[in-house]
Amino acid sequence: MSYNFSKILKEKALKVTKPRLLILSVCASANGPLCAEDIHIKLQHEKINLTTVYRTLHSLEKADVLKRVDLHTDSVLYELPTHHHHHIVCTLCGLIEAFDECGMDSLVGNVVNDSKKFSTVQDHSLELFGICNACSRA
Ligand SMILES: [Zn+2]
Ligand SMILES: [Zn+2]
Ligand SMILES: [Zn+2]
């Protein structure tokens with residue numbers, strides 16, 4: 001999948017800056033969500049400091065260019081909001097696997113039907129936590 005990040009940034013009324021473009025391309029080539037430290041290491045040769053990485057990630061998240069993923073890790077993780085998917089995480093080694101199946105629609109329908117305070121739901125997050133095969137064998 002290829003992205004035109006300059007166009008995406010302009011559409012979100014964000015200035016096209018080098019750190020933004022670099023961070024987005026790191027996220028695009030990653031296999032899963034990344035934290036600021038991961039991105040900082042991958043951009044070592046670009047001499048972008050960690051504070052800039054944090055600040056840039058925050059602005060990209062606020063503009064919905066990046067999605068924040070909470071996998072109960074110490075650091076906040078980010079990924080591009082591509083297709084709808086969820087993650088399963090190994091609580092021992094941190095291995096992350098993405099999966100596309102989402103059985104949330106019928107649940108959301110029931111919740112909204114029963115709720116007196118909500119009639120629409122736009123989004124949800126669902127992350128599963130378990131132990132990967134390699135860790136269970138160890
Ligand atoms: Zn993901
Ligand atoms: Zn594991
Ligand atoms: Zn879902």
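Look above for the structure.
Source: prediction; values computed, not measured.

## Regarding helix 2 (residues 18–29)
Reasoning step 1: Taking 1.5 Å per residue, 12 residues should reach 16 Å; helix 2 reaches 17 Å between its end C-alpha atoms and fits that length.
Reasoning step 2: Looking at the buried residues of helix 2, the elements they touch are helix 1 (5–11), strand 1 (34–35), helix 3 (36–42) and helix 4 (50–62).

## Topic: the packing of aromatic side chains
Each aromatic ring pair is specified by the distance between its two centres and by the angle formed by the two planes.
Reasoning step 1: Tallying each qualifying case throughout the model produces 1 aromatic pair.
Reasoning step 2: Consider the rings of Tyr3 and Phe5, whose centres lie 5.2 Å apart with planes at 15°: the pair is stacked.

## Some remarks on the coordination of the zinc ion (ligand 3)
Reasoning step 1: Bound to the zinc ion (ligand 3) are the protein donor atoms His84 (NE2), His86 (NE2), Cys102 (SG) and His124 (NE2), situated 2.0 to 2.2 Å from the metal.
Reasoning step 2: In primary sequence terms, the donor set of the zinc ion (ligand 3) follows H-x1-H-x15-C-x21-H. Residue His84 is found in the loop between strand 3 (77–79) and strand 4 (86–90), and its partner Cys102 is found in the loop between strand 5 (96–99) and helix 5 (104–114); the two are separated by 18 residues along the sequence.
Reasoning step 3: Assessed through its relative accessible area of 42%, His84 is described here as partly exposed.

## A look at the side chain of His85
Reasoning step 1: Along the chain, His85 turns up in the loop between strand 3 and strand 4.
Reasoning step 2: With relative accessibility at 14%, the residue His85 sits in the buried group.
Reasoning step 3: A polar side-chain atom of His85 sits 3.0 Å from a polar atom in the side chain of Glu79.
Reasoning step 4: Of the polar contacts made by the side chain of His85, one reaches the backbone oxygen of His83; its length is 2.9 Å.
Reasoning step 5: Dropping the residues within four chain positions of it, His85 is found in contact with Glu79, Ala98, Phe99 and Asp100.

The rules behind the values
Residues numbered from 1 in each chain as written. Chains lettered and ligands numbered in written order. Predicted model: local features only at pLDDT ≥ 70, side-chain atom pairs only at ≥ 80, totals over all residues. Heavy atoms only, no water. Helix = DSSP H or I, 4+ residues; strand = E, 2+ residues; numbered from the N terminus. Expected span 1.5 Å × (residues − 1). Contact = heavy atoms within 4.5 Å. Phe/Tyr/Trp six-rings, centres within 6.5 Å; stacked < 30°, edge-to-face > 60°. Donors = N, O, S within 2.8 Å, 3.2 Å for Na, K, Ca; no water. Buried < 20%, exposed > 50% of the residue type's maximum accessible area, 1.4 Å probe, protein only. Polar contact = N/O pair within 3.5 Å; in protein donor to acceptor, adjacent residues only side chain to side chain.

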